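Okay, here's what each chain looks like letter by letter:
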Amino acid sequence: MQLQTEALHAGYDKDSQSTMAVPIYQTTAYEFRDVEHAANLFALKELGNIYTRLNNPTTDVFEKRFATLEGGAAGLATASGMAAIFYAIANAAEAGDNILCARQLYGGTVTQASYTLKRFGIEARYFDVQNPSEIEALVDDKTKVIFFESLTNPSIDVADIAAITAIAKKHGILSIVDNTVATPVLCRPLEHGVDVVVHSASKYTTGQGLAIGGILVERHDLVDFIRSNPRYPQFNEADESYHGLVYVDVPLPLFCLRARLSLLRDLGAVVSPFNSWLFIQGIETLSLRMREHSRNAQAVAEFLESHPKVIKVNYPGLKSNSNYANAQRYFNGGMSSGLLSFEVDDFELAKKIVDATNLFSLVVNIGDSKSIITHPASTTHQQLSAEELVACGVPSGLIRLSIGLEATDDLIADLVQALNA
Ligand SMILES: *Cc1c(COP(=O)(O)O)cnc(C)c1O
């Protein structure tokens, strides 16, 4: 079935009340039929609900539905995108290991990898997502993950997914992709050789800026890649914390299973059932919204490109953009999502334009139905010098837009008056 159909139906067998809307199971725990039932659940002889830190029927629908949209085997929801990223990496790597990360990543992911994972003994090594040939020199026998974003936030590059996953496969390393900005409507990384996809559900999935959450999804048959792979003994040897369970021997998608049974169990960044329910509402309209976000952003990008005060526009849907070929190759239906940036002469002019907009809200978020404007040099990248800003692709006159669902003409009219202010 097609994605817009799955978005409405996948993962939900109507409950005993036959409700059309997926119910919110707002509960911490579940009653067992008897002691044997409880014992079977704990031993995984039977699958079922135990405690909401491990599983929840509303979250289960969100996980199954989202995994279906990504074309994956299973999903695991978390309390935030950052938690999903941490669990995906911590499931593959441990102290003494290293991970290879694209340099162009969400700021929170860079700090998690460079500082927090470092304190856990995991070293992050960086490559240029525009130049996958840098990866090979970074690989050694302690390399456990290659991590990148399909459509990067905030630099707005499109990764050559197949080129990167080919290197990962050659060395038997798990590839993990953050698909938050592209969403499965534009791009399905698992179809291009990626092993695990992670998301911040706080952006386009919820869609209206309503809730923080995250999810990771693993591909079908990942067990064949992990079985006997010397990089991943944790899946091939007995897990003493789960009375000797060997994950490759369990007939369930093993990456999510281990993340649930060890990481979610022990670290507990679980999503609330209410937020899972909000994500289910968001998913129903995801494909409609992504089409509109992309159409609006394309029109705004074309307008900005023709404006005399604008030096450069970064949007993969523009023929002038260096990412255009990758966008055509990896994104569906000519869509390029809602994120774009443009450059004007200097810091002062950028500040003036941002302050002069009315319809755009000054917010450090993306993926809302309301349009958002950000000036990275005065906010997220404030600590950096002018030279450092240029080096990381964020010149002081750069303005980032997350284009919402307002009428295109109203968005352009607001930018016209702000550019002329
Ligand atoms: C926002 C974002 C995250 C972090 O997600 P939270 O839900 O805010 O924790 C990770 N990756 C990307 C690409 C993001 O845009």
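Every value quoted in this text rests on a predicted model; they were computed, and no experiment measured them.

S.K.: Lay out the sheet that holds strand β2 (residues 98-102) in plain terms, naming residues and giving numbers.
M.R.: Remark on secondary structure: sheet strands pair via backbone hydrogen bonds, oriented parallel or antiparallel. The seven strands lie next to each other as β1-β7-β6-β5-β4-β2-β3, forming an open sheet whose pairing is mixed. The sheet is open, and its two borders are formed by β1 (74-78) and β3 (123-127), each paired with just one other strand. Between one strand axis and the next, the sheet turns through 20° on average, direction left out of account. Where strand β5 (residues 174-178) lies against strand β6 (residues 196-200), three bridges are found, and the strand directions are parallel. Following the sheet pairing, I176 is matched in β6 by V196.

S.K.: Describe the sheet that holds strand β12 (residues 398-402), with residues and values.
M.R.: The five strands lie next to each other as β8-β9-β12-β11-β10, forming an open sheet whose pairing is mixed. Of all strands in the sheet, those with a lone pairing partner are β8 (312-314) and β10 (361-362), marking the two edges. Of the pairings in the sheet, the one linking strand β11 (residues 372-374) to β12 comprises three bridges and is antiparallel in character. In the strand pairing of β12, T374 is matched with R400.

S.K.: Could you give an account of the packing of helix α12 (residues 286-305) against helix α16 (residues 408-420), with specific residues and numbers?
M.R.: Two numbers describe how α12 lies on α16: the axes approach to 10 Å, and their chain directions differ by 30°. Regarding the angle of α12 to α16, the classification is roughly parallel. The chirality of how α12 crosses α16 is right-handed. Taken together, the residues of α16 that come into contact with α12 (itself represented by R295, N296, A299, V300, F303 and L304) are T408, L411, I412, L415, V416 and L419. When its residues are assigned to classes, the contact of α12 with α16 shows nine nonpolar, two polar and one charged.

S.K.: For empty space enclosed by the protein, give the residues involved together with the corresponding values.
M.R.: Considering all chains together, one arrives at one cavity of 30 Å³ or more under this definition. Approximately 60 Å³ is the volume found for the largest cavity. If you go around the largest cavity, you meet 13 residues; those closest to its centre are L54, N55, T59, E63 and R260. Put simply, the parts of the chain that give the lining of the largest cavity at least two residues each are α3 (57-69) and α10 (254-267).

S.K.: Run through the pairing of strand β4 (residues 143-149), naming residues and quoting values.
M.R.: Of all seven residues in β4, seven are buried; the element is thus mostly enclosed. Of the pairings in the sheet, the one linking β2 to β4 comprises four bridges and is parallel in character. Note on β4: the bridge partner recorded for L100 is I146. As defined by bridge partners, β4 adjoins β5 across five bridges and the pair is classed as parallel.

S.K.: So, helix α6 (residues 161-171): which residues are in play, and what are the values?
M.R.: Turning to α6, its buried residues number three or more, namely I161, I164, T165, I167 and A168. Down the axis of α6, the smallest arc covering the buried residues is 155°, so these residues share one side.

S.K.: Got a sec to walk through the site of the ligand? Specific residues and values, please.
M.R.: The immediate surroundings of the ligand are formed by 15 residues, with G81, D178, S200, S202 and K203 found nearest. S200 has a polar side-chain atom sitting 2.8 Å from an oxygen atom of the ligand. In the environment of the ligand, an oxygen atom lies 2.7 Å from a nitrogen or oxygen atom belonging to the side chain of K203. Bound to the protein, the ligand loses 94% of the 380 Å² it would expose on its own. Considering every element that reaches the shell around the ligand, the biggest residue donor is helix α4 (residues 81-92), with three residues. Broken down by class, the residue content of the shell around the ligand amounts to five nonpolar, seven polar and three charged.

S.K.: Account for the domain arrangement of the chain, naming residues and giving values.
M.R.: Domains assigned within the chain are domain 1 (3-281) and domain 2 (288-419). Here the C-alpha centroids of domain 1 and domain 2 sit 29 Å apart. Of the roughly 2400 Å² buried between domain 1 and domain 2 on both sides combined, carbon and sulfur atoms contribute 58%. For the domain 1 face of the interface with domain 2, the top three residues by lost area are I156, L186 and Y204, together amounting to 32%. On the surface where domain 1 and domain 2 come into contact, there are one salt bridge. R329 serves as the salt-bridge partner of D160, at 3.5 Å between the closest nitrogen and oxygen. Put simply, domain 1 and domain 2 have 18 residue pairs in polar contact (both at pLDDT 80 or more) between them. Mapped by element, the contributors of at least two residues to the side of domain 1 that touches domain 2 are α6 and α7 (183-186). When residues of the side of domain 1 that touches domain 2 are assigned to their parent elements, the largest contribution, four residues, is made by α7.

S.K.: Describe the pairing of β3, naming the residues involved and giving the relevant values.
M.R.: Note that β2 and β3 share five bridges and pair parallel. Residue pairing for β3: L100 is matched across the bridge by R125. Tracing the backbone out of β2, into helix α5 (residues 107-119) and back to the parallel element β3 gives a crossover that is right-handed.

S.K.: Outline the pattern of salt bridges, supporting the account with residue identities and numerical values.
M.R.: For the structure on display, the rule yields 16 salt bridges. Note that D368 is salt-bridged to K370, the shortest N-O span being 3.3 Å. Overall, the relative accessible area of 10% leaves D368 in the buried class. Accessibility expressed as a relative area gives 43% for K370, which makes it partly exposed. Taken together, the shared-partner salt bridges connect E123, R125 and D140 into one network.

The rules behind the values
- Residues numbered from 1 in each chain as written.
- Predicted model: local features only at pLDDT ≥ 70, side-chain atom pairs only at ≥ 80, totals over all residues.
- Heavy atoms only, no water.
- Pairing = 2+ DSSP bridges.
- Helix = DSSP H or I, 4+ residues; strand = E, 2+ residues; numbered from the N terminus.
- Axes fitted to C-alpha atoms, helices over the stretch in contact; angles between N-to-C directions.
- Parallel < 35°, antiparallel > 145°, perpendicular 65-115°, else oblique.
- Left-handed = near helix turned anticlockwise from the far one by under 90°.
- Contact = heavy atoms within 4.5 Å.
- Nonpolar A, V, L, I, M, F, W, Y, C, P; charged D, E, K, R; others polar.
- 1 Å grid on protein atoms, 1.4 Å probe; cavity = no way out; pocket = protein on both sides within 12 Å on 5 of 7 lines; lining within 4 Å.
- Points joined across faces, edges and corners; volume = space filled by probe spheres on them.
- Buried < 20%, exposed > 50% of the residue type's maximum accessible area, 1.4 Å probe, protein only.
- Arc of directions from axis to C-beta.
- Near = heavy atom within 4 Å.
- Polar contact = N/O pair within 3.5 Å; in protein donor to acceptor, adjacent residues only side chain to side chain.
- Areas by Shrake-Rupley, 256 points an atom, 1.4 Å probe, with all protein chains shown as cover.
- Domains from an automatic or database assignment.
- Buried area = accessible area lost by both parts, 1.4 Å probe.
- Salt bridge = Lys/Arg side-chain N within 4 Å of Asp/Glu carboxyl O.
- Right-handed = clockwise from strand over helix to strand, strands pointing away.

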